Amino acid sequence: MNYSWNWGVLWQSTGIGDTTYLNWIITGLGWLIVIAIVAWTIAMLLGSVLGIMRTLPNKTARAIGTAYVTLFRNVPLLVQLFIWFYVVPNFLPAPIKNWWMNDLGANTTALISASIGLGLFTAARVCEQVRTGIEALPTGQINAGYAMGFSTVQLYRYVILPQSFRTILPPLSSELTNCVKNTSVASLVGVAEIISQMKTISEYTQNTIEIYTYVTVIFIVINICLIFAMNLLEKRLRIPGLISGGK
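Residues numbered from 1 in each chain as written. Predicted model: local features only at pLDDT ≥ 70, side-chain atom pairs only at ≥ 80, totals over all residues. Heavy atoms only, no water.

Under an unreviewed UniProt entry, the protein chain has the name ABC transmembrane type-1 domain-containing protein and belongs to Acinetobacter vivianii. Quoted verbatim from the Sequence similarities (unreviewed entry) field of the UniProt record, the comment on the protein chain reads "Belongs to the binding-protein-dependent transport system permease family. HisMQ subfamily." (UniProt positions renumbered as here; feature names shortened; annotations may be inferred.)

This brings us to the state of the cysteines. For the coordinates displayed, the defined rule picks out zero disulfides. You can see Cys225 has no disulfide; the closest cysteine sulfur is in Cys179, sitting 16 Å from it. For Cys225, a relative accessible area of 47% corresponds to the partly exposed category. (Disulfide = S-S within 2.5 Å. Buried < 20%, exposed > 50% of the residue type's maximum accessible area, 1.4 Å probe, protein only.)

Before going further, it helps to spend a moment on the side chain of Glu210. Within the element layout of this structure, Glu210 appears in helix 10 (residues 208–237). Buried within the structure, Glu210 lacks any salt-bridge partner; its nearest side chain of opposite charge belongs to Lys199, at an N-O separation of 17 Å. In this view, Glu210 contacts Tyr3, Ser4, Trp5, Asn6, Trp7 and Val9; residues no more than four positions away in its chain are not counted. (Helix = DSSP H or I, 4+ residues; strand = E, 2+ residues; numbered from the N terminus. Lys, Arg positive; Asp, Glu negative; His and termini not counted. Salt bridge = Lys/Arg side-chain N within 4 Å of Asp/Glu carboxyl O. Contact = heavy atoms within 4.5 Å.)

By convention here, two paired aromatic rings are described through the distance between centres and the angle between planes. A complete count under the given rule lists eight aromatic pairs for this structure. Taken together, a centroid distance of 4.7 Å and an interplanar angle of 80° make the contact between Phe85 and Tyr86 edge-to-face. Through pairs of rings, three or more aromatic residues link up here, namely Trp5, Trp7, Trp11 and Tyr214. (Phe/Tyr/Trp six-rings, centres within 6.5 Å; stacked < 30°, edge-to-face > 60°.)

And the structure:
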């Protein structure tokens, strides 16, 4: 194979001032982190609410939660991002649409669309984790709570949620890492995150193997750090007798 290896490609100048390709990677990493944080915040807040709704005695609440999960889990993430980026802005009120189309930069609108799309997609998965965690609790605790005079709100606040969220920390770790990895799809709607920067650098330098290797290592390091942090949180909050609770 006639291939010119260059593992120092990231430190080469881009030809634009003093900027190197490493600066482009750092910029892309910054966008990745922003998308991941915003999307995960949306996913945790909305997913938790929907997960609770799916376990409530109210049939309407359960139906809403079920409909959301059915829709967002069965539509590919890429399709959802395209809908949020290309379709939804056309249905906004005229002043907001004009601000969105003309005042915001292309990368900003793509960033917002990708964050919302990824957040709503991940929320459906978080919803199922929360629902599973709640339903895994012994029914005797719930019956005892009602027998003691707890309202449904009090029961969820003081008995159900503190335990269920601790038991679902392991699967939530997987959802968090998936959320970070799925930010790569944002490059297809125009966000200049790390995958987009990787493709650009690869085209400019033709050092495809080196660039892809560096970006792969970056993703591995990020997710290992996240898993390590979640494992520490899991050990600190685990409940003896429950899932992964030990003795």
